[in-house]
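For reference, the chains in residue letters:
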Amino acid sequence: MSGSCTIGKMSPWSRQIGIFILAAVALVLSMVGNTARAADKELSKEDRACLSCHDKEGLSKPLENGDTLALQISTAGFVESMHLGTSCEDCHSDLDAKTHGKVKHSIKSKREFSLSMRESCRTCHKKRFTEYEDSVHAALIKEGSTKAPLCSDCHNPHTVRSVKIEQPIEQTPCARCHKDIFNAYSVDVHGKERIAKGASAPLCANCHQAHAVKAASLGDSVKNACLVCHKNTFEMHSDWLPNTALHFEAISCPACHAPNAQRRVNLRLYDGTLKRQVSEKMGVPQFDRLTDAADTHDMGLDERALWSLLKEFNHEANNGRTVLRGRLEVRSGLEAHQLSEKSKALKDCNVCHKQGAAPFQSVTLTIAGSDGRPLHHGVQKDVLNSLTSMESVSGFYAIGSTRIKLLDTLLVLVLLGAISVPLGHMAITRIFRGLREKLEAERAAAAIQSTSQNSAGAMSPHDDASK
Ligand code: HEC
Ligand code: HEC
Ligand code: HEC
Ligand code: HEC
Ligand code: HEC
Ligand code: HEC
Ligand code: HEC
Ligand code: HEC
Ligand code: HEC
């Protein structure tokens, strides 16, 4: 099976000369033509020595965990790859030429081997490496994940082709590990467009980035990615959606654009001082501890529990600025990838703005985990409507609460107005102008009240519109 070949023994001198001659030959050949055959000869003597053993079918090695590491490297594949100009030893610098291939040494698992090779990309691809190190995937690996990707999980170093060569979408490396999401994506409006028309429509990395992948619900990077391609989105929506900025702040794009999705209200712990979501420090899990303690019967947090939890976070974070920010979103990550044509998007105000509206029947509280991914805990839906919670949390203000109720009567008028479009539109504008003033006054009053009591701190999407 293995060990039948021997590494050619050479003095460093003859090696140098060898490299020189080969380089000269390569130069000549590259002037003659750039066929694969010529490229084959461009391989250095050293690389060819490696391949003389390694391009043997079936060459493999058993690993401690019982798996087998295939050791065959295809010469043709390497020659065609973007790494043709890189020599084996640039990346495999730690091999001992004297003993290699003769003395067996043990490797625990494929993963352990991959990890031992991970640094090899850094020297030549610094920028990508740095971006990657800041990703959710790298954070997962730091936490001990054996499933999150290293460079070599997304790029085979021996066969890597130019990323400019367009591949069928299922070749995108993300598909291998996020299969369900890929399957949903591949038949949604973008997947279909991508298959039909190519790169103008987004693939995973266009919305999430390839290297600096962040937890999807953290910050606005995914939303901003939508706006890069859909430039006049804001104007398009403001034609019919009053207070577009507020709606965009309070509702995730898929919540309206995945028409069959289930929706929920997500109350996110938010640091009003740092202006970003609260995240747990690595190794200091407090969210689960606190929520479990506050919800011993696992019924979902009630308003009192929510209130004291908020106090606790303000105490622990010690800045008194931890607040809750509501967002209406789809219930599962899968549903975020079931976007549909615009004609199917949610336009009916009543789906949200009526008593007992479905999206407000499911409520969750989240914090960003140390890798950025959200940790959830259920909240009783009454919290949104409860006046006591409004008072007890001193201006804590959740979407879907009293303000939504206030809208109900007005929406009847809106719907009547909609019978005649131009008239309806005027009516809507007038109604909402009046409403806005009313709400503005209400908010100002609440703000005064909350600064005088000054405990949990108030937060509404408006306070944060500058973000
Ligand atoms: C004489 C044949 C031979 C040559 C030449 C050779 N290898 Fe190997 N290589 C082997 C064998 C046999 C193994 C399996 C060793 C084992 O089972 O422990 C191996 C294993 C490996 C492994 C797996 C990890 C490890 O350390 O076991 C890598 C990577 C590798 N070789 C790279 C190279 C590179 C790069 C070169 C050229 C510099 C090279 N090899 C030259 C025979 C060879
Ligand atoms: C650009 C860097 C790079 C170059 C160039 C390179 N390798 Fe590798 N090689 C790696 C990495 C990284 C791994 C680990 C792959 C993984 O995680 O599965 C690896 C793995 C291997 C393995 C183990 C089998 C496998 O696929 O995991 C062998 C054998 C090997 N390389 C041989 C070679 C030979 C021979 C050459 C030259 C023809 C070469 N490599 C060139 C980076 C490189
Ligand atoms: C989760 C999968 C994934 C991981 C991990 C990953 N890449 Fe990439 N990489 C991609 C994808 C997808 C592209 C395609 C280009 C794009 O859309 O940005 C790409 C493109 C590239 C490119 C060429 C284009 C460019 O933007 O420069 C290089 C070089 C590269 N990656 C190197 C690396 C290195 C080095 C690492 C490890 C630090 C790494 N990649 C880790 C998925 C990944
Ligand atoms: C010794 C330098 C060197 C090392 C080490 C190296 N690469 Fe490269 N890599 C290159 C060069 C040179 C290119 C060709 C770049 C070009 O022409 O744009 C390249 C191209 C690539 C591309 C395709 C870029 C594109 O434009 O499509 C990817 C992906 C890539 N490398 C990934 C890796 C990964 C993963 C590793 C680590 C396993 C690695 N490289 C290690 C030098 C290196
Ligand atoms: C059109 C943009 C877009 C594309 C293309 C896209 N995603 Fe997403 N992805 C999103 C949005 C939006 C979310 C939800 C973000 C949020 O909660 O605000 C998301 C969420 C996710 C999540 C988190 C899921 C969870 O359980 O919360 C993962 C993982 C993910 N996407 C992977 C992928 C993969 C893999 C692909 C390619 C098959 C892909 N995405 C393609 C926009 C996109
Ligand atoms: C080798 C497997 C692997 C590959 C390849 C991979 N991922 Fe992941 N990814 C994971 C694992 C494991 C997690 C953590 C579990 C989870 O959240 O699904 C994760 C998490 C994520 C998350 C965070 C989920 C959240 O809750 O927000 C996003 C976003 C993501 N991946 C996007 C991508 C994108 C985009 C690509 C391709 C460029 C990709 N992944 C390729 C394994 C992979
Ligand atoms: C309140 C629900 C809602 C929200 C939130 C929403 N949309 Fe829409 N969007 C719609 C509806 C309904 C249409 C169709 C309007 C029409 O055809 O009159 C639409 C149309 C679109 C269109 C097609 C525009 C055109 O006319 O060509 C795009 C692109 C789009 N939305 C992207 C987004 C993005 C990106 C976000 C998040 C920043 C978003 N939408 C948030 C409901 C929403
Ligand atoms: C790489 C560019 C790109 C990104 C990023 C992108 N889209 Fe698209 N989107 C397209 C293209 C191209 C189409 C199909 C052509 C069209 O209808 O505009 C499309 C279609 C749509 C449609 C259907 C429009 C219609 O006319 O029926 C909606 C809705 C939409 N995108 C929403 C989003 C949302 C939400 C995001 C972010 C989560 C997003 N897009 C990210 C390029 C993009
Ligand atoms: C997907 C659910 C959803 C849809 C559809 C929706 N809204 Fe809203 N709307 C919300 C949420 C959530 C808020 C934020 C509530 C808050 O901040 O109190 C909001 C806020 C508002 C406000 C209050 C603005 C302010 O200044 O406080 C008005 C007015 C409004 N919506 C009107 C409409 C109209 C008219 C439609 C239909 C054209 C509509 N909404 C469609 C969910 C929705």
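Shown above is the structure to which this text applies.
Before going into details, it helps to say that this report is about the structure given with it. (Residues numbered from 1 in each chain as written. Chains lettered and ligands numbered in written order. Predicted model: local features only at pLDDT ≥ 70, side-chain atom pairs only at ≥ 80, totals over all residues. Heavy atoms only, no water.)

**Some points on the overall build of the protein**
Reasoning step 1: Scanning the protein from N- to C-terminus turns up 23 helices and 7 strands.
Reasoning step 2: The 467 residues of the protein split such that 36% are buried.
Reasoning step 3: When contacts within the protein are restricted to residue pairs at least 6 apart in sequence, those whose partners lie at least 24 apart make up 68%. (Helix = DSSP H or I, 4+ residues; strand = E, 2+ residues; numbered from the N terminus. Buried < 20%, exposed > 50% of the residue type's maximum accessible area, 1.4 Å probe, protein only. Contact = heavy atoms within 4.5 Å.)

**Regarding the coordination of the iron atom of ligand 4**
Reasoning step 1: Only His83 (NE2) and His125 (NE2) from the protein coordinate the iron atom of ligand 4, and they sit 2.0 Å from it.
Reasoning step 2: Metal-centred angles of 86 to 180 degrees between the 6 donor atoms at the iron atom of ligand 4 mark the site as octahedral. In this pair, histidine 83 sits in the loop between helix 4 (75-80) and helix 5 (88-91) while histidine 125 sits in the loop between helix 6 (110-117) and helix 7 (126-133), placing the two residues 42 residues apart along the sequence.
Reasoning step 3: Classification of histidine 83 by relative accessible area gives partly exposed; the value is 22%. (Donors = N, O, S within 2.8 Å, 3.2 Å for Na, K, Ca; no water. Tetrahedral: all angles 85-135°; square planar, octahedral: opposite > 155°, others 65-115°.)

**Side note on the environment of lysine 127**
Reasoning step 1: Relative to the helices and strands, lysine 127 resides in helix 7.
Reasoning step 2: Separated by 84 residues in the primary sequence, lysine 127 and histidine 211 place their C-alpha atoms 9.7 Å from one another.

**Here we look at the pattern of salt bridges**
Reasoning step 1: Per the counting criterion, the structure on display carries 14 salt bridges.
Reasoning step 2: Between aspartate 153 and arginine 111 there is a salt bridge, with the nearest N and O atoms lying 3.5 Å from each other. Remark: arginine 111 occurs in helix 6 and aspartate 153 occurs in helix 9 (residues 151-154); sequence separation between them is 42 residues.
Reasoning step 3: The class of aspartate 153 is partly exposed, set by a relative accessible area of 23%. (Salt bridge = Lys/Arg side-chain N within 4 Å of Asp/Glu carboxyl O.)

**Some words on helix 12 (residues 189-197)**
Reasoning step 1: Taken as a whole, helix 12 has its buried residues at His190, Gly191 and Arg194. For helix 12, the buried positions fall inside an angular range of 100 degrees around the axis, keeping them on one side. Exposed and oriented more than 90 degrees from the buried face of helix 12 are Ala196 and Lys197.
Reasoning step 2: Where the residues of helix 12 are buried, they touch helix 11 (179-186) and helix 13 (204-208).
Reasoning step 3: Residue aspartate 188 occupies the N-cap position of helix 12, its side-chain oxygen lying 2.9 Å from the main-chain nitrogen of histidine 190.
Reasoning step 4: Glycine 198, located one to two residues past helix 12, shows a positive phi value of around 80 degrees. (Arc of directions from axis to C-beta. Polar contact = N/O pair within 3.5 Å; in protein donor to acceptor, adjacent residues only side chain to side chain.)

**Focus on the environment of proline 259**
Reasoning step 1: Along the chain, proline 259 turns up in the loop between helix 17 (253-257) and strand 3 (263-271).
Reasoning step 2: For the pair formed by proline 259 and valine 330, sequence separation is 71 residues and the distance between their alpha carbons is 9.9 Å.
Reasoning step 3: Once residues lying within four places of it in the same chain are set aside, the contact partners of proline 259 are Gln338, Ser340 and Lys344.

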